[in-house]
Amino acid sequence: MFSSSSSGFLRRTPPPTSTTIFKQITKDSVRFLCTPKFGIGQRLGRFVVVPRGVSAATTAQDLVYNAGATVAVLGGAYALVRAFDDLTRREILQQGLSRKLVHILSGLLFLVSWPIFSNSNEARYFAAFVPLVNCLRLLVNGLSLASDEGLIKSVTREGDPQELLRGPLYYVVILMLCAVVFWRESSVGVVSLAMMCGGDGVADIIGRRYGSMKIPYNHKKSWAGSISMLVFGFLVTLGMLYYYSVLGHVQLDWVSTVPRVALVAFVATVVESLPITEVVDDNISVPLVTMAVASFTFQH
Ligand SMILES: Nc1ccn([C@@H]2O[C@H](COP(=O)(O)OP(=O)(O)OP(=O)(O)O)[C@@H](O)[C@H]2O)c(=O)n1
Ligand SMILES: C/C(=C\CO)CCC[C@H](C)CCC[C@H](C)CCCC(C)C
């Protein structure tokens, strides 16, 4: 059995196990939907042929392909915000709940979209362009240079445009940071965004509703909120890592990965529970601490 390599040579690989075959079929089926149908990245059965000396990053087709993926994800981001604006206007969702659901879904769907982009070195910058555009939207509306009522209604708690310049702005900056610095091949970016979105986001929803028992050192936070952050942060992170491992972007030994994710979730939960929100927003402290702990635990 042979597999292709970027130099164009073929090298012997061991016969596949049933798990490998399952993963390859899954990866091929997703990649087939994403990989350009001709030229660079052309498929020959299980192999992706990259002609010698031609990097995918330099082809015009790759640039056009990634630009198309960026437009699609931008459209998804705009549609998401519009959908929750509509639900809030119709009073199907409270504004606070809408904001938290946008917090949870935006980052997780952004993570889900990363495999759409090509394998070129520049792909991460095309992906990061999406949070950059939203960063500019938040700045323009937060400074009242424009007034996108849909954005303000679905993303602020009280409807004050200046709210856009805090939590939401920090949030999209973290999305950009993870896309550019960590991208798909590192678990750190995936873990950080999953914890910020799947953990911190759920803590707010559960904590507001069931958080009667407050944490002794921070009466603004509750045991229910923190426990839900620990549980959902752990589960959502494992789910996202599994998604990336099935697509072949990360290779994980699950026996060691599960306790590592549990440790990261625990530390992120403790940091989120601290009474430091007045000093540093959760959308900064939680992902940055997660990046630090995940960088240490997943690289050792
Ligand atoms: N561990 C937690 C986290 C949140 N909450 C509840 O959720 C509310 C908002 O939590 P917080 O994370 O502070 O949200 P904000 O940072 O204010 O909102 P955003 O992240 O959207 O800016 C808290 O006041 C509390 O009622 C909780 O009970 N326990
Ligand atoms: C309310 C928020 C944070 C406060 O804790 C989230 C703000 C979200 C931004 C307004 C929109 C961000 C969109 C993402 C960059 C891309 C999502 C793409 C996906 C396909 C929907």
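Keep in mind that this is a model prediction, so the values were computed, not measured. Numbering of residues starts from 1 in every chain and runs along the sequence as written. The naming scheme follows written order: chains are lettered A onward, ligands numbered 1 onward. With the structure being a predicted model, the display of local features is reserved for residues of pLDDT at least 70 and the display and counting of side-chain atom pairs for 80 or more, all residues being used for whole-chain, interface and lining totals. To get the side-chain values, all heavy atoms of the structure are used, and hydrogens and water are removed first.

## A closer look at the packing of helix α3 (residues 95–113) against helix α7 (residues 187–210)
With their axes 9 Å apart at the nearest point, α3 and α7 run at an angle of 160° to one another. Comparing the axis directions of α3 and α7 gives the class roughly antiparallel. Once α3 is placed against α7, the crossing between them reads as left-handed. In contact with L97, K100, L101, H103, I104, G107, L108, F110 and L111 of α3, α7 contributes V190, L193, A194, M196, C197, G198, D200, G201, V202, D204, I205 and R209. Amino acids outside the nonpolar list (Ala, Val, Leu, Ile, Met, Phe, Trp, Tyr, Cys, Pro) and the charged list (Asp, Glu, Lys, Arg) are all regarded as polar, and Gly is one of them. Classifying every residue of the contact of α3 with α7 gives 13 nonpolar, 4 polar and 4 charged. Axis geometry follows a simple rule: fit a line to the C-alpha atoms, using only the stretch in contact for helices, then measure angles between N-to-C directions, giving values from 0 to 180 degrees. Helix numbering and strand numbering both begin at the N terminus, where a helix is a DSSP run of H or I of at least 4 residues and a strand a DSSP run of E of at least 2. Any angle that falls under 35 degrees is termed roughly parallel, while one over 145 is termed roughly antiparallel, one within 65 to 115 roughly perpendicular, and all others oblique. Handedness of a helix crossing follows the sense of rotation of the near helix relative to the far helix, less than a right angle counterclockwise being left-handed and clockwise being right-handed. Whether two residues are in contact is decided by their heavy atoms, any of which lying within 4.5 Å being enough.

## What about the pairing of strand β6 (residues 218–222)?
In this structure, strand β5 (residues 214–215) lies alongside β6, joined through 2 bridges in antiparallel fashion. Bridging from a neighbouring strand, K214 pairs with S222 of β6. Counting the residues that bridge the hairpin from β5 to β6 gives 2 residues. We call two strands paired when DSSP finds no fewer than two bridges between them.

## Section: the site of ligand 2
Around ligand 2, 18 residues are found, and the nearest of them are H103, S106, P131, L175 and N283. The term polar contact refers here to a pair of N or O atoms within 3.5 Å; inside protein, the definition further demands a hydrogen-donor-capable atom paired with an acceptor-capable atom, and it admits residues adjacent in sequence only when both atoms are side-chain atoms. Contacts to ligand 2 include H103, whose side-chain N or O atom sits 2.7 Å from an oxygen atom. With respect to ligand 2, the side chain of N283 contributes an N or O atom lying 2.9 Å from an oxygen atom. Its free accessible area being 610 Å², ligand 2 has 96% of it covered by the protein chains. Mapped by element, the contributors of at least two residues to the shell around ligand 2 are α2 (60–89), α3, α4 (123–142) and α6 (167–182). For the shell around ligand 2, the residue count by class is 11 nonpolar, 6 polar and 1 charged. Only a single heavy atom is needed: when it lies within 4 Å of a molecule or strand, its residue is near that molecule or strand. A 1.4 Å probe and the Shrake-Rupley method give the accessible areas. Residues count as covered only by the protein chains that appear here.

By themselves these figures say nothing about function.
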